[in-house]
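Okay, here's what each chain looks like letter by letter:
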Amino acid sequence: MSFVGNQPRVSTATPKGREIVRLGRADRSALGRWFWEIDRVLLLLVAVLVAVGLVAVAAASPAAGSRYSGGAVQIAPLHYFYRQLMWMVVALPVMVGVSMLPHQLARRFALVGAGACILLLALTPFLGPEVNGAHRWIGFGFAQLQPSEFLKPFYIVALAWLLSLKEQDRTLPVVPISAVVTAVIALFLMRQPDFGSTVIFAAVWVLMLMLAGISVRFLALLGLGGIAGIVAAYLFYPVATARIDGFLFAQGDTYQTESALRTLTAGGVFGTGPGGGARKFHLPEPHTDYIFSVIGEEFGLIACLAIAMLYIAIVVRVLVKLLEEENPFLLLAGAGLVSQIGLQALINMAVNVQIAPSKGMTLPFISYGGSSMIALSIGVGLLLAFTRRNPFLNRSPYASRGGGGPKPALR
Amino acid sequence: MTALVARPERVRLAGQRHQATVVTHQRLMLIMLLFLGVTAAVVLRIGYLALFSDGAARGGAANALLPARGDIVDRNGQPLARSIDAWTIGVHPAKIIGDREEIAVRLARLMPERSAAEYLEILTSGRTFQFLRRRALPELVAAVNAIGEPGLAFDREPDRLYPQAGLGAHVLGWTDIDGHGAAGMEKVLDAALTDPARRGAPTALAIDSRVQAAMESELAAAMTSLQAIGATGVVLDVRTGELLALASLPAYNPNAAGRFALDTRFNRATMGVYELGSTFKPITVAAAMEAGVIKSLGQRYDAAHAVAVGRFRINDSHPIGRSITIPEMLIHSSNIVTARISDQMGAERMAHAFRQLGFDEPAHVELPEKGRTLWPGDWGRATIMNTGFGHGIAVTPLHLATAYATLVNGGVWRPATLMKLGPDQVPRGRRVYSEETSARMRQMLRLIVTEGTGKKAEAPGYRVGGKTGTAEKPKDGGYARKSLVSTFAAAFPMDDPRYVVIAMLDEPKGNAETFGIATAGWTAAPVVSKVVSRIGPLLGVLPDERRDVDVSDLMPLIWKAKGAR
């Protein structure tokens, strides 16, 4: 990269004649400062993920196209790919734009967003059309959106803010308040019904409570409650009963998960090559829930491994970086946002490799979907915004201090 | 904190705050470990799938383009069995939204193998899925699709297609519903055809589909005109043991093997064991020459008097009434003389002669459908004499083909094979007869066709030599006079034999063309003649009237009435 020039360092006292390198350290523009402060490794990882996602959607698009074509409706093989490309063009500037927001503004944006999304979520069952037996969408035609997807990042930031208030006032009953909010959201979600999202919200809530320092005893109670919740869902929630039965006893309609596994392994270790997949055409939802299997068939299990590694790299990168963070709000928000992406990815992959019952969850940045793409971009934008920091401000005391001028700690 | 007056709880001490941060950081790492743990589980699972799953085992990238089962081709690369993507029609009874009774009626109209009531039972069963038809024609799929019921499902699955229909059915066999070989070479080659490393390339059989077709059509024509209940034919390369044709009629269509009667699946060439009658006489003669019982072909035997053994009498169908030489015995197919020679051979040498040709064990060929031969349990004098002319011992037509190949190829026995052999794959075989004996047999087999009972097997220019065999079928402890097995075992061209041709008709009836005669010389021999003249040119044997095996030294041994040719 060009910003680490070899030219002799010029003291700040004599700026005359100094060439300002675009995005160099001397670039004091908003973009220049943004680039210098942002977690560039995280940005690179996300960029790779987005690129992988585009290739994967291109692979899955013909399968989805042929699946949803029929009679008068003919969907072009690359229809979903072009749509995804279009969403990408919208989503990436959103991500960069959000990541440029100052912490305060980002937090307010998220809080307002959370309020709006909860309202939309409450209205969805009444306003939204039914798709695959569930009301998840709101709006009409082109402008449809899935409030639950947008709520995820906003909810996490709002929760982080709420939990961090305890720092200022220990008397605030933040945990009960967060529990009520989460329960209300869960209730709205289960009415759609959207079991997968409910799991994500609940899991993120528990993780963030954990980080906020609640007692181990309370955590244990929550764990028991979680198990009880799953048992209750199994006993009283027909969708969950069918899914769990299907997973544990291979009962009922296991066609979906079986054909997913067959697709995943059809290409062997190195895959059939792009466009070579045949099994993907037998897959339900090849471009969303089961895109991981399509990747497995065409690009091989080795590509699946690489993608799993990419997600864990993002999670580890953010969590390790957060060790340097002491602001409780930033810490909670950052950990929450990355956990949401990591959880969603892990659950989706676990379903595809059949170590978890199917729940209808998309693979972040890889699955097709406009709402989820933009919502994830907002999430990562917020994550980047909250992990931005002046590299000179909190330098590690172990970094060597050479000569006279400040030296950037390479990250 | 700008408030000057604050409740004590609202102010956290720096130490407490630090404590909280430490807890948070610890839990941050705990969460990271959780993520790492679940990722490790996913990674391990992918590794497991890579190592042990079916798809991964197929290895390389070209998998999707490989057929599920390799093709079978004939020796010239003509496809005999291929894998195709066939349509299937199925139903998800639980997902039907239309009127079930109406759908059942319409299904019954389109696919009449089930009644409307049976369809209704399936549609109301509440099952997840059931196939209604596998390997459906595209027109039928379109018609069923036109019912417009979303609960009806159509899919493709790999299926086996035999593009030549019934050609070589008994050689090929068929595959079961799961695509595994159930009979024939499909069963024998099952592992090789499904092996990912090998199934990309077709497997070549020894069969020549042109020769097979010629044999099948000639046999079928003869079977029809002679009202035989069955027929079988073999074409064998005498130098390698490769089977260019192996036909058994009536045959089935392997594309729908299940819809044919059980008896059509019976391979007469390798499962059917028959007393093959006089076709054994050359074998007896060759064995006697090897054993030194026949020291000279001019050796004379009394053919005028029947041989009595115990309560049986061995007679000739056309009494000769004098003493005859060995070539004359074969030309006239004398049972009496063969019995005398066999008697001289004795039990041990006769049994040894047959054992050397593998007559005591199932035919040597890859097919799983092989019959056990009927080997005499007690080698008494009557048995010895009977086996000499092919009674009291029952073998398959394929046994006879390999035995004749041994007689004419210089005396080396090789197992028959249905696999195409490369030049270096030809088995060395084992010597049964000397070159000299084999040369004599070539002369005498040719004489049978030019001078004797096999005249109708002659195919001009192809120098056919061979022996007739008409045997009565065993019935109720005796023999049925009218149920014949008529065989002609031949080889051509006799001056340098290349192929053995066997034709056998099971219970032929005489017709006007044969003057009511059903014996081999009138029924099976013409089949051989027609087959040889059809396949000779295909196999590169040039018809040549000027070339022939030199039989001049044997001619003085054959007595002819004055004026006869």
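Look a little higher up for the structure.
Let us look at the structure shown here. Since the structure is predicted, the reported quantities are computational estimates derived from the model, not experimental observations. (Residues numbered from 1 in each chain as written. Chains lettered and ligands numbered in written order. Predicted model: local features only at pLDDT ≥ 70, side-chain atom pairs only at ≥ 80, totals over all residues. Heavy atoms only, no water.)

**With respect to the environment of Ala405 of chain B**
All names here are of chain B.
Move 1: With respect to the helices, strands and loops of the structure, Ala405 is situated in helix α14 (residues 397–408).
Move 2: Spatially, the C-alpha atoms of Ala405 and Thr240 are 9.5 Å apart, while their sequence positions differ by 165 residues.
Move 3: Leave out the neighbours within four places in its chain, and Ala405 touches Leu236, Val238 and Val500. (Helix = DSSP H or I, 4+ residues; strand = E, 2+ residues; numbered from the N terminus. Contact = heavy atoms within 4.5 Å.)

**Overview of a nonpolar patch on the surface**
Residue and element names in this part refer to chain A.
Move 1: There is a patch of nonpolar side chains on the surface, built from Phe218, Leu221, Leu224, Ile227, Val231, Leu235 and Phe236 and spanning about 750 Å² of accessible area.
Move 2: Within the element layout of this structure, Leu221 appears in helix α8 (residues 216–236).
Move 3: Residue classification places Leu221 among the exposed positions, given a relative accessible area of 53%. (Patch = residues over 30% accessible without salt bridge, like charges linked within 9 Å, V, L, I, M, F, W, Y side chains within 5 Å. Areas by Shrake-Rupley, 256 points an atom, 1.4 Å probe, with all protein chains shown as cover. Salt bridge = Lys/Arg side-chain N within 4 Å of Asp/Glu carboxyl O. Buried < 20%, exposed > 50% of the residue type's maximum accessible area, 1.4 Å probe, protein only.)

**A look at unusual backbone geometry**
Residues and elements named next belong to chain B.
Move 1: Residue Pro250 is bonded to the preceding Leu249 through a cis peptide linkage, with omega at 0°.
Move 2: By secondary structure assignment, the location of Pro250 is in the loop between β7 (243–249) and α10 (281–291).
Move 3: Note that the residue after Phe492, namely Pro493, is joined by a cis bond; omega there is -20°.
Move 4: The backbone of Arg135 shows a phi angle near 50°, a positive value even though the residue is not glycine.
Move 5: Turning to its location among the elements, Arg135 is positioned in strand β3 (residues 130–136).

**Digging into the sheet that holds strand β14 (residues 465–475) of chain B**
Residue and element names in this part refer to chain B.
Move 1: Taken in spatial order, the 5 strands of this open sheet run β7-β6-β16-β15-β14, and their pairing is antiparallel. Taken across any chain shown, the strands that pair with only one partner, and hence form the sheet edges, are β7 and β14. In this sheet, adjacent strand axes meet at a mean angle of 15° when their direction is disregarded.
Move 2: Pairing geometry for strand β15 (residues 478–492) and strand β16 (residues 499–506), over 8 bridges, is antiparallel. In the strand pairing of β16, Ala491 is matched with Val500.
Move 3: Set on the sheet, helix α15 (residues 435–451) makes contact with β14 and β15; between it and β14 the angle comes to about 80°. (Pairing = 2+ DSSP bridges. Axes fitted to C-alpha atoms, helices over the stretch in contact; angles between N-to-C directions.)

**Regarding the pairing of strand β2 (residues 79–91) of chain B**
Regular strands place side chains that alternate from one sheet face to the opposite one.
Residues and elements named next belong to chain B.
Move 1: Bridge analysis of strand β1 (residues 72–73) against β2 gives 2 bridges, and the strand direction is antiparallel. Its bridge partner being in β2, Ile72 is matched across the sheet by Ala81.
Move 2: The turn joining β1 and β2, which pair antiparallel and follow one another in sequence, is formed by 5 residues; a positive phi near 90° is taken by Gly77.
Move 3: As paired strands, β2 and strand β4 (residues 152–161) are joined by 10 bridges and run antiparallel to one another. Bridge pairing links Gly90 to Ala153 in β4.

**Some remarks on the interface of chain B and chain A**
Move 1: Between chain B and chain A, the residue contacts involve 41 residues of the former and 52 residues of the latter.
Move 2: Counting each side, the surface lost to burial between chain B and chain A is near 4000 Å², with a carbon and sulfur contribution of 71%.
Move 3: By the criterion of area lost to chain A, the three top residues of chain B are Arg27, Phe35 and Ile46 of chain B, representing 18% of everything that side buries.
Move 4: Joining chain B to chain A, the criterion identifies 0 salt bridges. (Buried area = accessible area lost by both parts, 1.4 Å probe.)

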